[in-house]
Amino acid sequence: MEVLIISSSPRKGGNSDSLSEQFKLGAENAKHKVTKVFLGDKQINYCKGCNSCFTSHKCIQKDDMEEILQQMVEADIIVLATPIYFYAMCGQLKVFIDRCCARYTEMSNKRFYYLFTAAENGNSTVDKAIIELQGFLDCLDSPQVSGIVSGLGAWKKGEISGNKALKEAYDMGKNI
Ligand SMILES: Cc1cc2nc3c(=O)[nH]c(=O)nc-3n(C[C@H](O)[C@H](O)[C@H](O)COP(=O)(O)O)c2cc1C
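Residues numbered from 1 in each chain as written. Predicted model: local features only at pLDDT ≥ 70, side-chain atom pairs only at ≥ 80, totals over all residues. Heavy atoms only, no water.

Participant: Just give me the short version of the overall build of the protein, but keep the residues and values in it.
Facilitator: Broken down by element type, the protein carries six helices and five strands. Secondary structure elements in the protein, listed N-terminal to C-terminal, are β-α-β-α-α-β-α-β-α-β-α. For 176 residues, the compact-globule estimate of 2.2 N^0.38 gives 16 Å, and the C-alpha radius of gyration of the protein, at 15 Å, lies within 12% of that figure. Burial statistics for the protein: of 176 residues in total, 45% are counted as buried. Within the protein, contacts between residues at least 6 apart in sequence are counted, and of these 80% link residues at least 24 apart. (Helix = DSSP H or I, 4+ residues; strand = E, 2+ residues; numbered from the N terminus. Rg over C-alpha atoms; globule rule 2.2 N^0.38 Å. Buried < 20%, exposed > 50% of the residue type's maximum accessible area, 1.4 Å probe, protein only. Contact = heavy atoms within 4.5 Å.)

So this is what it looks like as structure tokens:
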């Protein structure tokens, strides 16, 4: 399987990025082909809403999104990792999703995994982010959410250490 991990937190090596690494390790150990993209390393401008991609299926902006869109179209599995910001996905991930406009119609039959981290411990902390991401999936052809890991109670960078979510992410990657 081709697995594409989108790590969207601005904190490299932070909590959700650590879950991404564990998922990657598990999937690699199960011999899947894994690509991890750390969005903070990329130049991704926000969608200008110009609508030109509606007919051309190409974005007028020349930045790193073109390459990542190709990787998304080719992937069997897409992993979206985000910290919870104000009970929502982080802005970087939303900007990224908006930029899928040019090629989302080619993203058919994909399986998705979500990796969340949040400072709070309540189980409902990630509920609104799940609903937001479902808005994206609702626009795709036959998507499937195959698994969700929530690393809760992790606020500062590194506080995910010792959290059971790390093993859950590894196992999820291993068992895709
Ligand atoms: C702008 C901002 C908003 C946040 N909002 C929430 C929130 O609504 N609920 C929560 O539990 N944690 C919130 N947090 C804490 C982060 O979700 C938490 O620190 C998370 O572990 C960060 O993951 P990262 O290291 O991958 O960036 C917020 C943090 C920031 C910077």
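Continuing now.
Participant: Which residues make up the site of the ligand, and what values go with them?
Facilitator: In the vicinity of the ligand, 17 residues are found, and the nearest of them are Ser9, Ser16, Ile84, Ala154 and Trp155. Asparagine 15 is positioned with one of its backbone polar atoms (N or O) 2.8 Å from an oxygen atom of the ligand. One of the side-chain nitrogen or oxygen atoms of serine 16 is found 2.5 Å away from an oxygen atom of the ligand. In the complex, 81% of the free accessible area of the ligand, which totals 650 Å², lies under the protein chains. Grouping the constituent residues of the shell around the ligand by class yields nine nonpolar, six polar and two charged. (Near = heavy atom within 4 Å. Polar contact = N/O pair within 3.5 Å; in protein donor to acceptor, adjacent residues only side chain to side chain. Areas by Shrake-Rupley, 256 points an atom, 1.4 Å probe, with all protein chains shown as cover. Nonpolar A, V, L, I, M, F, W, Y, C, P; charged D, E, K, R; others polar.)

Participant: An account of unusual backbone geometry is needed here, citing residue identities and associated values.
Facilitator: One non-glycine residue with positive phi stands out, namely lysine 31, at about 75 degrees. Within the element layout of this structure, lysine 31 appears in the loop between helix H1 (15–29) and strand E2 (33–38). A relative accessible area of 74% means that lysine 31 is categorised as exposed. For histidine 57, which is not glycine, the phi torsion reads 55 degrees and is therefore positive. Among the secondary structure elements, histidine 57 is positioned in the loop between helix H2 (53–56) and helix H3 (65–74).

Participant: Before we move on, could you go through the pairing of strand E4 (residues 111–117) and cite the residues and values that matter?
Facilitator: Where burial is concerned, most of E4 is hidden: six out of the seven residues are buried. In terms of strand pairing, strand E3 (residues 77–83) meets E4 through seven bridges, oriented parallel. By the bridge assignment, isoleucine 77 is partnered in E4 with arginine 111. In this view, the connection linking E3 to its parallel neighbour E4 by way of helix H4 (residues 91–98) has right-handed handedness. Where E4 and strand E5 (residues 144–151) come together, seven bridges link them in parallel fashion. When the bridges of E5 are listed, tyrosine 114 appears paired with isoleucine 148. At this point the chain moves from E4, through helix H5 (residues 127–137), to the parallel E5, and the crossover so formed is right-handed. (Pairing = 2+ DSSP bridges. Right-handed = clockwise from strand over helix to strand, strands pointing away.)

Participant: Got a sec to walk through the side chain of lysine 110? Specific residues and values, please.
Facilitator: Tracing the backbone shows lysine 110 in the loop between H4 and E4. Comment: no salt bridge for buried lysine 110; closest opposite-charge side chain is aspartate 76, at 6.0 Å. For lysine 110, the side chain forms a polar contact with the main-chain oxygen of methionine 72, separated by 3.3 Å. Contacts of lysine 110, omitting those with residues within four sequence positions, involve Met72, Val73, Glu74, Ala75, Asp76, Ile78, Ser142, Pro143 and Gln144. (Lys, Arg positive; Asp, Glu negative; His and termini not counted. Salt bridge = Lys/Arg side-chain N within 4 Å of Asp/Glu carboxyl O.)

Everything listed here is a matter of coordinates, which is why it stays silent on function.
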